[in-house]
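# Chain and residue survey
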Amino acid sequence: MSRTTKKILVTVMPVTEEHKTWLEEQAEGGNFDCRFVYKESGLSAADLEDVNVVIGNLPPELAKDAPKLEWLQLNSAGADPYASPGALPPGCRLTSASGAYGLTVSEHMLALTFALVRRLGQYALNQARREWSARGKIISVEGATILVLGLGDIGGSYARKAHALGAHVIGVRRRVGEKPDYLDELHAIDELDSLLPRADIVAMVLPGGAATEHLMDERRLGLMKKGAFLINVGRGSAVDPKALKKALRARHLGGAALDVTEPEPLPADDELWGFDNVIITPHVAGFFYLPETLNRIVRIAGDNLRAWTRGEPRTHVVDVKKDS
């Protein structure tokens, strides 16, 4: 009995020959005869005409018009551009790579935490000017109160690291549930206003969307303790940029570290570049710069391939919103 042929496109990700071999092995022995195509960049609509499965974040404008696409496995944890109504062909399943980025992004957050509280960005400016001078008082991570907004894989990984260093860690999520051991306190997002004045560091790992749009606005930034630090590695849209600049100008905040901004890329003439207590990295906390991140993404994709070819449930499924 012949098996149905399925074409699988692996894109965006710089997969190695070892990765390719492993992915193809996972697809063997199932219900389909899987044919793999690898194209890291330069995709066009023609490349998707007969593709059944895509592994990797293909351009959203191409996804909706791929005529045979039945499953999209993202290489990202976030799925916002692909989960909105009409973003994918009817019946197309969507899975993400949530869980692949906790290691790399949480370590980036930890690096930003120490850079802020030890004034390393300001000392880097001193070094560029060949200026030997002290920048003043600092705080310790040990004993600090760190408020973590968003407790998924990334936020939870950062919270564990901060807790291990002796910080008092307060977690905030949409639904409270059972408190993990690495948190000293767990609260719902509707308690945020009462928690902000307690925090020495507010670390944000929130998804995009209407619920988080400018969550940290002028009022909430004003609720933060004078001299407190803000870290954002989730979505730039979660922080009102005008309000942030106002708080920094007034020296209400001790500083900010941003791996995400609104807009992105941050224009060269944006005022944020000029603050000596702001550290900006160009959305590099995740991506594939740490090889283990790519390994984790490939493992998630391969496990889902194996399940799909055998008619078993896939993991990391994302709900795709339907037109109302």
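The structure under discussion appears in the preceding block.
Summarised in this report is the structure supplied together with it. (Residues numbered from 1 in each chain as written. Predicted model: local features only at pLDDT ≥ 70, side-chain atom pairs only at ≥ 80, totals over all residues. Heavy atoms only, no water.)

### Quick look at the overall build of the protein chain
If you tally the helices and strands in the protein chain, you get ten helices and twelve strands. In summary, the protein chain has a C-alpha radius of gyration of 22 Å against a globular reference of 20 Å for 324 residues, a match within 12%. Seen through its C-alpha atoms, the protein chain measures out along the principal axes to roughly 75 × 45 × 40 Å. Looking at the protein chain as a whole, 49% of its 324 residues qualify as buried. Within the protein chain, contacts between residues separated by at least 24 positions form 63% of all contacts whose residues are at least 6 apart in sequence. In the protein chain, 39 side chains carry a positive charge and 42 a negative one; their mean positions are 3 Å apart. (Helix = DSSP H or I, 4+ residues; strand = E, 2+ residues; numbered from the N terminus. Rg over C-alpha atoms; globule rule 2.2 N^0.38 Å. Buried < 20%, exposed > 50% of the residue type's maximum accessible area, 1.4 Å probe, protein only. Contact = heavy atoms within 4.5 Å. Lys, Arg positive; Asp, Glu negative; His and termini not counted. Charge placed at Lys NZ, Arg CZ, Asp CG, Glu CD.)

### What about the environment of Asn126?
Mapped onto the elements of the fold, Asn126 is located in helix α5 (residues 120-128). The buried category is assigned to Asn126, whose relative accessible area is 2%. Along the chain, Asn126 and Pro197 lie 71 residues apart, while their C-alpha atoms are 31 Å from each other. Excluding its chain neighbours within four sequence positions, the residues that come into contact with Asn126 are Glu131, Ser133 and Arg135.

By themselves, these figures tell us nothing about what the structure is for.
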